[in-house]
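Each chain, written out:
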Amino acid sequence: MTQDAGTIWLTQDAFDKLKHELDDLRGPRRADIIEKIAAARDEGDLKENSGYHAAKEEQGKQEARIRQLEDMLRRAEVGETPPDDGRVEPGMVVTVDFGGGDTEKFLLGARENLAEGDKLDVYSPQSAMGAAINGRAKGETVTYAAPTGKSVTVEILEAEPYRS
């Protein structure tokens, strides 16, 4: 699976959850915040009205999340769980060794693919390490330039499909 730098890989389930959240934010939750602002405005002086300012701040955060979700869903590539063939690609849980037994296990993909409560780290396929290991196989060693400019070498120990 190849992705351009702007693509976000999502499972169908993750895509559906994000779409549902967006619909909720645009509909009932947007209407609720508008009611809160109107009620606070009716209380009088807006300069010292903490309820009004809190509602406006909540509205700003909500609108930012709506824009984020719209962007993610626009750039989403919905895919099935990848095959269990030891090859690294979005949707795989990857374990790498940085040398000397310093290992890290993470999901290659988008945070939205994680099941609720799952504490697994997530690396984007567009990150320095994600781009370097994407398409590589278990047992391969890869060197890439970290954001600091330092060369980092990792060995791919495991690559298996994420199952929530």
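Residues numbered from 1 in each chain as written. Predicted model: local features only at pLDDT ≥ 70, side-chain atom pairs only at ≥ 80, totals over all residues. Heavy atoms only, no water.

Caption draft 1: Representation of the packing of helix H1 (residues 12–26) against helix H2 (residues 28–41). Where H1 meets H2, the closest approach of the two axes is 3 Å, and the angle between their N-to-C directions is 30 degrees. As far as their axial angle goes, H2 and H1 are roughly parallel. Residue-level inspection shows Asp 23, Asp 24, Leu 25 and Arg 26 of H1 in contact with H2, the latter providing Pro 28, Arg 29 and Arg 30. (Axes fitted to C-alpha atoms, helices over the stretch in contact; angles between N-to-C directions. Helix = DSSP H or I, 4+ residues; strand = E, 2+ residues; numbered from the N terminus. Parallel < 35°, antiparallel > 145°, perpendicular 65-115°, else oblique. Contact = heavy atoms within 4.5 Å.)

Caption draft 2: Examining H1 more closely. Its 15 residues give H1 an end-to-end C-alpha distance of 21 Å, which sits within 8% of 21 Å, the value for a rise of 1.5 Å per residue. When H1 is considered as a whole, its buried residues turn out to be Ala 14, Leu 18, Leu 22 and Leu 25. Seen from one end, H1 has its buried residues packed into an arc of 75 degrees, which puts them on one side. (Expected span 1.5 Å × (residues − 1). Buried < 20%, exposed > 50% of the residue type's maximum accessible area, 1.4 Å probe, protein only. Arc of directions from axis to C-beta.)

Caption draft 3: Structural context of the nonpolar core. Core analysis: the biggest nonpolar cluster contains 16 residues, and Val 88, Val 94, Met 129, Ile 133 and Val 154 have the highest contact counts within it. For this core, the elements supplying multiple residues, two or more each, are strand E3 (92–97), strand E4 (103–108), helix H4 (128–133), strand E6 (141–145) and strand E7 (151–161). Counting residues per element, this core draws most heavily on E7, at 4 residues. Other than its neighbours up to four places away in sequence, Val 88 contacts Val 94, Leu 108, Ile 133, Asn 134, Gly 135, Arg 136, Ile 156 and Ala 159. Grouped together as the second largest cluster of nonpolar side chains are 11 residues, Ala 14, Leu 18, Ile 66 and Ala 110 included. (Core = buried A, V, L, I, M, F, W, Y, C linked by side-chain atoms within 4.5 Å.)

Caption draft 4: Region of the structure containing the packing of H1 against helix H3 (residues 50–75). Between H1 and H3, the least distance of the axes is 10 Å, while the angle of their chain directions is 145 degrees. Handedness of the H1/H3 crossing: left-handed. From H1, Phe 15, Leu 18, Lys 19, Glu 21, Leu 22, Leu 25 and Arg 26 reach across to H3, where they touch Gln 62, Arg 65, Ile 66, Leu 69, Glu 70, Met 72 and Leu 73. Partitioned by chemical class, the residues of the contact of H1 with H3 number 8 nonpolar, 1 polar and 5 charged. (Left-handed = near helix turned anticlockwise from the far one by under 90°. Nonpolar A, V, L, I, M, F, W, Y, C, P; charged D, E, K, R; others polar.)

Caption draft 5: Structural view of the pattern of salt bridges. A complete count under the given rule lists 13 salt bridges for this structure. Between Glu 70 and Arg 26 there is a salt bridge, with the nearest N and O atoms lying 2.6 Å from each other. A residue pair is termed long-range when its members are at least 10 positions apart, and Glu 70 in helix H3 and Arg 26 in helix H1 qualify at 44 residues. The salt bridge involving Lys 138 is made with Glu 158; its shortest N-O contact spans 3.4 Å. Of this pair, Lys 138 sits in the loop between H4 and E6 while Glu 158 sits in strand E7; the two residues are 20 residues apart in sequence, bridging distant segments of the chain. By relative accessible area, which is 48% here, Lys 138 ends up partly exposed. Each of Asp 32, Lys 36 and Glu 58 takes part in one network of salt bridges that share partners. (Salt bridge = Lys/Arg side-chain N within 4 Å of Asp/Glu carboxyl O.)

Caption draft 6: Inspection of the sheet that holds E7 at higher detail. Taken in spatial order, the 5 strands make up an open sheet running E5-E4-E3-E7-E6, and their pairing is mixed. The outermost strands of the open sheet, each flanked by one partner alone, are strand E5 (121–123) and E6. Taking each pair of neighbouring strands and ignoring which way they run, the sheet shows an average axis angle of 45 degrees. Sheet topology note: the E4/E5 ladder contains 3 bridges and is parallel. The partner of Phe 106 across the bridge, within E5, is Asp 121. (Pairing = 2+ DSSP bridges.)

Caption draft 7: Summary view of the side chain of Gln 62. Along the polypeptide, Gln 62 turns up in helix H3. In this view, Gln 62 contacts Leu 25, Arg 29, Arg 30 and Ile 33; residues no more than four positions away in its chain are not counted.

No statement about biological role is implied by the geometric values presented.
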